[in-house]
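# Observations on the three-dimensional arrangement
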Amino acid sequence: MVRIGAHVDQDDPLAHAAARDADVVQFFLGDPQGWKGPVMPASADAIRDSEVDVYIHAPYLINVATANNRIRMPSRKLLEGQLKAAASLGAKGLIVHGGHLNKDDDPQIGFDNWRKVFERMDCPIPVLIENTAGGGNAMTRRLDTIARLWDAATAGAQDPSKIGFCLDTCHAHAGGEDLIGIVDRVLAITGRIDLIHCNDSRDSFDSGADRHTNLGTGQIDPDQILTICRTANAPIVVETPSEGQADDIAFLRKHL
């Protein structure tokens, strides 16, 4: 049986998992919009001993692709700190966005910078690179740039098995990728999907808007979401509004 859970607040992840009947929790270690290092939850020991699978989402500000040294260097440091902290919690992986460049930058700069990250960083647990929804200069909005980033990252990695992929259904829809057949297209690039972020989208196809909504209430056909979840053969995390997460998990369990 596929394991299903939700992105929850970091105050008491296991209590939130129980309230949602979740097998999996994902949460932040600290401020997702800040540069400070990771903050371990008070229940760290219980989390490590729990049968609930844990994933940590890295802060949104991390942008290791950028040509701007004042952002790239702190991003690398923060990414490494988050990775070590996630590993100490027994997390299955650390999810990180692909970042972006400025409009006049050569895209190769971003791919080279991702390669350098994995050349220099030891990965005690997998780093799961996630597709993103918006921005014409985003590194992981389109599958063609994801393919180039993947090649660069795995070429530089000390252990390519520690580089994974997180497929977000809302991001793919809003980013302009057809959801029909997307699992096969991703697997042709990466050979793996480690986690599904299972989200409906409040906005239209190719809108570039990263706005999640509960399953069946947005612009994505629920059958398309179910097909992705069935064929990806990966754990599932809903990142939908919290008041509907228990219903989203129940819907997935009923139909998968």
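From a predicted model like this one, the values you see are computed outputs, not experimental measurements. (Residues numbered from 1 in each chain as written. Predicted model: local features only at pLDDT ≥ 70, side-chain atom pairs only at ≥ 80, totals over all residues. Heavy atoms only, no water.)

It is worth spelling out the sheet that holds strand β10 (residues 236–238) at this point. Spatially, 8 strands are ordered β1-β2-β3-β4-β5-β6-β7-β10 in a closed barrel, and the strand pairing comes out parallel. Neighbour to neighbour, the strand axes of the sheet diverge by 30 degrees on average, direction disregarded. Judged from the 4 bridges that link them, strand β5 (residues 127–130) and strand β6 (residues 163–168) form a sheet pairing that is parallel. Bridge pairing in β6 links glutamate 130 to cysteine 166. (Pairing = 2+ DSSP bridges. Helix = DSSP H or I, 4+ residues; strand = E, 2+ residues; numbered from the N terminus. Axes fitted to C-alpha atoms, helices over the stretch in contact; angles between N-to-C directions.)

If you look at the biggest cluster of nonpolar residues, it comprises 67 residues, and the most contacted ones within it are Phe118 and Ile196. The residues contacting phenylalanine 118, other than those within four sequence positions of it, are Cys123, Val127, Ile129, Ala153, Gly156, Ala157, Gln158 and Ile163. Val24, Tyr55, Ile95 and Leu195 belong to the second-largest nonpolar core, a separate cluster that totals 7 residues. (Core = buried A, V, L, I, M, F, W, Y, C linked by side-chain atoms within 4.5 Å. Buried < 20%, exposed > 50% of the residue type's maximum accessible area, 1.4 Å probe, protein only. Contact = heavy atoms within 4.5 Å.)

In this section: the layout of surface pockets. Quantified by volume, the largest pocket comes out at close to 380 Å³. For the largest pocket, the lining is made up of 22 residues, of which Tyr60, His97, Gly99, His100 and Gly134 are closest to its centre. Residues of the lining of the largest pocket, tallied by class, amount to 7 nonpolar, 14 polar and 1 charged. Size it by volume and the second largest pocket reaches roughly 240 Å³. Tallied by class, residues from the lining of the second largest pocket come to 2 nonpolar, 5 polar and 5 charged. (1 Å grid on protein atoms, 1.4 Å probe; cavity = no way out; pocket = protein on both sides within 12 Å on 5 of 7 lines; lining within 4 Å. Points joined across faces, edges and corners; volume = space filled by probe spheres on them. Nonpolar A, V, L, I, M, F, W, Y, C, P; charged D, E, K, R; others polar.)

With that settled, the discussion passes to empty space enclosed by the protein. Going through the model one piece at a time under the given rule, you end up with 1 cavity of 30 Å³ or more. Considering only enclosed or pocket space, the largest cavity measures out at about 30 Å³ in volume. Along the walls of the largest cavity sit Asn131, Arg141, Leu143, Ile146, Leu167, Ala172, Glu177 and Ile182, which together make up its complete lining. Here the lining of the largest cavity is built from residues that sort into 5 nonpolar, 1 polar and 2 charged.

For the rest of this paragraph, the subject is helix α7 (residues 182–190). Those residues of α7 that fall on the buried side of the exposure criterion are Ile182, Val183, Val186 and Thr190. Along the long axis of α7, the arc covered by the buried residues comes to 100 degrees, so they all point the same way. Across α7 from its buried face, at more than 90 degrees, point the exposed residues Asp184 and Ala188. Against the buried residues of α7 lie α5 (143–156), β6, α6 (169–175) and α8 (222–232). Where α7 terminates, the next one or two residues include glycine 191, which has phi positive at roughly 75 degrees. (Arc of directions from axis to C-beta.)

Taking 1.5 Å of rise per residue, the 14 residues of α5 would be expected to cover 20 Å, and the 20 Å separating its terminal C-alpha atoms lies within 8% of that figure. Considered for burial, the residues of α5 that qualify are Leu143, Ile146, Leu149, Trp150, Ala152, Ala153 and Gly156. On the buried face of α5, the contacting elements are α4 (107–120), β5, β6 and α7. (Expected span 1.5 Å × (residues − 1).)

All right, on to the packing of helix α3 (residues 69–88) against α4 then. Contact pair α3 / α4: the axes reach a minimum separation of 12 Å and the direction vectors enclose 40 degrees. Overall, the two elements α3 and α4 adopt an arrangement that is oblique. For the pair α3 and α4, the sense of crossing is right-handed. Across the interface between the two elements, Arg72, Arg76 and Leu79 of α3 pack against Asn113, Lys116, Val117 and Arg120 of α4. Residue classes in the contact of α3 with α4 are distributed as 2 nonpolar, 1 polar and 4 charged. (Parallel < 35°, antiparallel > 145°, perpendicular 65-115°, else oblique. Left-handed = near helix turned anticlockwise from the far one by under 90°.)

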